[in-house]
Each structure stands twice: as C-alpha cells, then as structure tokens.
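# Geometric and topological summary
So the chains spell out like this:
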Amino acid sequence: MPTPLPDPDRPDRGGSPYPDLTGWLRPRLLAPGPVEVDPRALLRLAQPQIHHRSPEARALISSVRAKLQRLFAGAEVLLTTSSGTGAFEAALTSLVPREAPVLSASAGKFGARWGQMAERLGYRVERLEAPWGQALDPGQVAAAVSGKAALLLTHSETSTGVLHDVEAIAAAARATEPDLLILVDAVTSFAVAPLLPLAWGLDAVIAGSQKGAAIPPGLGFVALSPAAAERLLEAQGFSLNLARELRSQRLGETAYTPAINLIAALDYSLDRLLSLDLEVLWGERARMSRALLEAGVALGCRPFAERPSPAVATLCPPPGWAATEVTRSLQALGARAAAGQDAYKDLTFRISLMGYFDRYDALAVAGLLEEALAALGCPFERGAAVRAAWEALGT
Ligand SMILES: *Cc1c(COP(=O)(O)O)cnc(C)c1O
C-alpha cells in the first residue's frame, strides 16, 4: 500500500485517539436535499424502460397519486417532472391570473425566492419579510394581505431551520381576505412535519422528490384543494399547465413524458413512509431532529431557529469557530452537511436527516458531530453528544 500524501485540506485531528479513517468511512448526505436514498428504491430506477402510456404506467401513476394523497392528508396531488421550484411555478401560474396582486411573506432565502419568481412572472408583488431565524407573525401577515389575490408562504424555511405556523397564518389571512389563494412551499415539511392542507384551508401545497420523499431529484408534487382544482386556469403556462395535468393524471397519464422511472422509485419509497401512521412518522422525525439539536447543545452550539423545523437542525457553532470550519471538519469524516446561506454562511450550519435515515443514524450523526468538533479543538466532555441524542430519542 502506498503511503497517502498529506492532505492540506484535512483538519488537525485534535489529538483524537482513533486512527485516521478518511477515505474508508461511509459517505453520508446530511444536507437538506438531496437526501440519502434507500438502495431498494434506487433499484426501481434500473428496471426495463416502460412506455409512459402503457397499462403498467397508468397503474403506477395512479398508485403513486393515491399514496401521495394519503401523505398530503387527503388532498389530491398532481406530479410535475421538475424540481420543487418548477412545481411552485406550475401552481402559481395555474392558479393566479397574471398581474394580480400577490403577498410574498418570508423569513429566509426560499421564501424570498417565491417573491422573486412572482415578480419575474409579471405579478404585482408586495413583500413582508421577517428577520432570518424568526417565525412569521400571523397578525402581521393578515394585516398585509388585505386586497391581495394570493399569499405565498414557506412552511419549513430550509435556509434558517424555522417551521412557520402555516395553520395560524392561513386562518388569520383568510379572516381578512376570504377569497385569498394560499400557496405553500412544503418542500421540506412534506412527510416530515405535521401538514394538513385541507384542514388548514390551503389551496396549493408544493413539494419535491429529493427531500422527505427520499428519492433522487426530478419530481415535483402539487397538492390542491377541491376549490383550487375547480379554478385552474387553462390559458397560462404550457409545459407546467396544471389544468391539463389534472385531466390527464385523473386517467393515469401525464400531459407530456414524465420521469416515469422516478415515479417507479417513488412508488416504492412511499410504501416505506406509509408503513407508519402519519402521526408516528411526524413524531419520530421530530425526535430525530431534536436529537441533533440536543447533541449540538451538549457540544457548545446554540440552536438558531425560533420555531425549529424537524427537517433540518440549524446550529450556531461554539463561540470562536466558524460554521464553515464545522462543515469542512464533517466533510473530512465523509459527512456532507450544509453551512448557512448568504449572510449566515459562517454563523450557522445545518444538518438534516430527511430521507433514508432512522433514529440509529441520528445517534451516529451525533457521534460524527462530536468527532468533527473535537478535531477543531472545541472543549466539551467526550460522549456528551451521543448521550444527549439518546435522551431526546427517548422522549
Ligand atoms: C429544496 C427546497 C426547494 C426546492 O428547490 P429545488 O432545487 O427547486 O428542488 C424549495 N423550497 C425549500 C424550502 C427547499 O428546501
């Protein structure tokens, strides 16, 4: 065996008692998308190619739509062959007439993106922006929504790790403006956090395949209320026209060629998600993410989000260390987490266990975080992170 050359990017291991295992450790995707995928779901991608207008494809598309409807707590779902951004664009252009007045309420990067999109598409956009890390105030949103045709929200703001109280915001906004269309980005809350589109009075709820659905990127989902399904616009949008898709997908087809292989992988992955009752699934996701936050606190980190989303644990590193140092140290252990976005690049780091991870992976990741911070020389009692994670998993 040749002796490996010294790697200038490898951090000093801080006197770790363990051998240097770089290059042998299992790589782990700990960023909030794309996520780890069940190898059995990946094998579904490798089946002989089927035609998308065959009886087999119609059965598959119908099966996936029925399973998605269960995960969206009863709302009818349309598939798009796009990432989550494309699904949001489809919902916006298919529901809201061009030039209509729209309120974009946000407190982070993804929420702000929907305001930019609506501006680019020719809507008259007003923005309500709260500071990063905070949760939107339902009363403020309700006050700003007067006279608007649509409200754009983000449920789980992945840039900050905040779960906004969409139920309360939607109720307050609708009390002000009864005919309002409410469009919600649920890309990282779908199959992760409690999400009840119909009970909460939401018109369109958007998600994508590479987060909670635990398959590769390339599919979007739009869950519609019955009222929204009735008022889809025919004349706006072509490749992402939900009026057309609704007619086709009710027959088990799509308007254009879908990513049928991904739909096959999704069919498998949804079975795994639906093997638990939704409340049990959401409860376990919450415990797993709390385990990471508690592990971080035990190592001297501080939780960033006012109202933490179970999709992503967002932590401020111990005082004196930069978040990018933490993510680099994790990367040296094969684990890809995410630093903060924009102004928060050095101030926060984000770890997600969405996808093919269970509670025992949460313990492993608590251990990885401990090792990564030890390598940086952060002071704490060894074993503290895994112990804290175990305790959170037991609650
Ligand atoms: C990942 C993500 C999206 C979608 O991004 P795409 O790259 O288009 O899939 C949208 N909103 C949030 C909150 C996300 O985390």
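Data block above holds the structure.
Here we come to the sheet that holds strand β5 (residues 150–154). Across the sheet, 7 strands lie side by side as β2-β10-β9-β8-β5-β3-β4; this open sheet has mixed pairing. With partners counted over all chains shown, the strands left at the sheet margins are β2 (76–80) and β4 (124–129), one partner each. When the angles between neighbouring strand axes are averaged without regard to direction, this sheet yields 20°. Strand contacts of helix α3 (residues 84–95): β2, β5, β8 (181–185), β9 (204–208) and β10 (220–224), with the helix running at about 160° to β9, the strand carrying the most contacts.

Along helix α11 (residues 323–331), the positions that sit buried rather than exposed are Ala323, Thr324, Val326, Thr327, Ser329 and Leu330. Those residues of α11 hidden inside the fold are in contact with β13 (335–336), β14 (338–339), β15 (349–351) and α12 (359–375).

General note: in soluble globular proteins, nonpolar side chains tend to be found buried as a group. Of all hydrophobic cores here, the largest spans 54 residues; its most connected members are Leu68, Leu71, Phe72, Leu151, Phe190, Phe221 and Leu266. Ranked by residues supplied to this core, first place goes to helix α9 (residues 260–274) with 9 residues. Each of domain 1 (19–37 + 278–393) and domain 2 (39–274) accounts for three or more of the residues forming this core. Leu266 has contacts with Val64, Leu68, Leu79, Ala213, Ile215, Leu219 and Phe221, leaving out every residue within four places of it along the chain. In terms of nonpolar packing, the next biggest core, distinct from the first, is built from 36 residues, Phe349, Ala374, Leu376 and Ala392 among them.

Turning next to the environment of Val37. As for its position among the elements, Val37 is in the loop between β1 (28–29) and α1 (39–45). On the accessibility criterion, Val37 (14% relative accessible area) is buried. Remark: the alpha-carbon pair of Val37 and Ile61, spanning 24 residues in sequence, is separated by 20 Å. Excluding residues within four positions of it along the chain, Val37 makes contact with Leu42, Ala214, Ile215, Pro216 and Tyr356.

On to helix α2 (residues 55–71), then. For the α-helix, the turn length of 3.6 residues means that residues three or four positions removed from each other point alike. Here α2 contains 17 residues, and its C-alpha end-to-end distance of 25 Å stays within 8% of the 24 Å for a straight helix at 1.5 Å per residue. Residue Ala73 follows α2 closely and has a positive phi angle near 50°.

Below, the discussion takes up the pattern of salt bridges. A complete count under the given rule lists 19 salt bridges for this structure. Linking Arg65 and Glu76 is a salt bridge whose minimum nitrogen-to-oxygen distance equals 2.7 Å. Placement of Arg65 in helix α2 and of Glu76 in strand β2 is noted, with a sequence separation of 11 residues between them. On the basis of relative accessibility, which here comes to 9%, the residue Arg65 falls in the buried class. Among the ionic pairs, Arg387 bridges to Glu381, the shortest N-O distance being 3.6 Å. Here Arg387 falls in the partly exposed class, since its relative accessible area comes to 41%. Several salt bridges share partner residues, and in doing so they unite Arg53, Arg58 and Glu253 into one network.

A few words on the environment of Gln331. Take Gln331: it is sitting in helix α11. Residues Gln331 and Val162 lie 169 residues apart in sequence; the distance between their C-alpha atoms is 24 Å.

Let us look at the pairing of strand β12 (residues 313–316). Side chains Ala313 and Leu315 project from β12 onto one buried face, and the interleaved Thr314 and Cys316 project onto a second face that is buried too. Summarising the sheet, strand β11 (residues 302–303) and β12 pair through 2 bridges and their orientation is antiparallel. Bridging from a neighbouring strand, Pro303 pairs with Leu315 of β12. Across 3 bridges, β12 lies against β15 in antiparallel orientation. What sits directly across from Thr314, in β15, is Arg350.

The rules behind the values
- Numbering of residues starts from 1 in each chain and follows the order in which that chain's sequence is written.
- Local features in a predicted model are, by the rule used here, given only for residues with pLDDT of at least 70; side-chain atom pairs are given and counted only at 80 or more, and totals for whole chains, interfaces and linings are based on all residues.
- Computation of side-chain values covers all heavy atoms of the structure but excludes hydrogens and water.
- DSSP bridges decide pairing: two strands pair if at least two such bridges lie between them.
- Strands here are runs of E lasting at least two residues and helices are runs of H or I lasting at least four, both read from the DSSP assignment and numbered beginning at the N terminus.
- A fitted line through C-alpha atoms represents every axis, and for helices the fit uses only the stretch in contact; the resulting angles, taken between N-to-C directions, go from 0 to 180 degrees.
- Here a residue-residue contact requires only that any non-hydrogen atoms of the pair lie within 4.5 Å.
- Only protein chains enter the calculation, and the probe is 1.4 Å; a residue is then buried if its accessible area is under 20% of its type maximum, exposed if over 50%, and partly exposed in between.
- To qualify as a nonpolar core, a set must consist of buried Ala, Val, Leu, Ile, Met, Phe, Trp, Tyr and Cys residues joined through side-chain atoms within 4.5 Å.
- Note that domain bounds follow an automatic or database assignment of domains.
- A helix is expected to reach a length of 1.5 Å times the quantity of its residues less one.
- When a carboxyl oxygen of Asp or Glu lies within 4 Å of a side-chain nitrogen of Lys or Arg, that pair is called a salt bridge.

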